[in-house]
Amino acid sequence: MAILAVVLAIGYLVLIVLMCKQESQKRKINFFIAIPICLIISTFFGYFVISNFGLRNPKGCKWCNNIYNEAEFCGVCNKNEEGKILEAKYLA
Ligand SMILES: [Zn+2]
């Protein structure tokens, strides 16, 4: 039983390291900050905390030059890439 627990713990640590490595390359968070976040507040909630850090290369918005836009519809002008405006019923 003890061997199984050790194997599971190592597998869990490997998953955390891989997830933090991948997310720290994509987002503005250091790998050595992401790892303690995952270990202290669990991987599941840690992932949401890490997801809140901005992307290193956000796609931006070509309509209003909002370079930080990450979503399908821009947060500043509410347009998507085709210039279609997000309908008011989906706002607020
Ligand atoms: Zn925009």
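These figures come from a predicted structure and were not determined experimentally.

1. Observations regarding the domain arrangement of the protein
- Assigned domains of the protein: these are domain 1 (1-55) and domain 2 (58-92).
- Inter-centroid distance (C-alpha atoms) of domain 1 to domain 2 is 31 Å.

2. A closer look at the confidence of the model for the protein
- Chain-level statistics for the protein give a pLDDT mean of 90 and a share of 95% at 70 or above.
- Considering each helix and strand of the protein separately, the mean pLDDT is smallest for helix α3 (residues 43-51), with a value of 88, and largest for helix α1 (residues 2-26), with 93.

3. Examining the packing of α1 against helix α2 (residues 31-40)
- Relative to each other, α1 and α2 sit at 135°, their axes nearing to 9 Å. The angle between α1 and α2 places the two elements in the oblique class. The element α1 and its partner α2 pack so that their crossing is right-handed. Across the interface between the two elements, Ile 16, Cys 20, Lys 21, Glu 23 and Ser 24 of α1 pack against Phe 31, Ala 34, Ile 35, Cys 38 and Leu 39 of α2.
- Residues belonging to the contact of α1 with α2 are distributed by class as follows: seven nonpolar, one polar and two charged.

What counts as what
Residues numbered from 1 in each chain as written. Predicted model: local features only at pLDDT ≥ 70, side-chain atom pairs only at ≥ 80, totals over all residues. Domains from an automatic or database assignment. pLDDT = per-residue confidence, 0-100. Helix = DSSP H or I, 4+ residues; strand = E, 2+ residues; numbered from the N terminus. Axes fitted to C-alpha atoms, helices over the stretch in contact; angles between N-to-C directions. Parallel < 35°, antiparallel > 145°, perpendicular 65-115°, else oblique. Left-handed = near helix turned anticlockwise from the far one by under 90°. Contact = placed C-beta atoms within 7 Å. Nonpolar A, V, L, I, M, F, W, Y, C, P; charged D, E, K, R; others polar.

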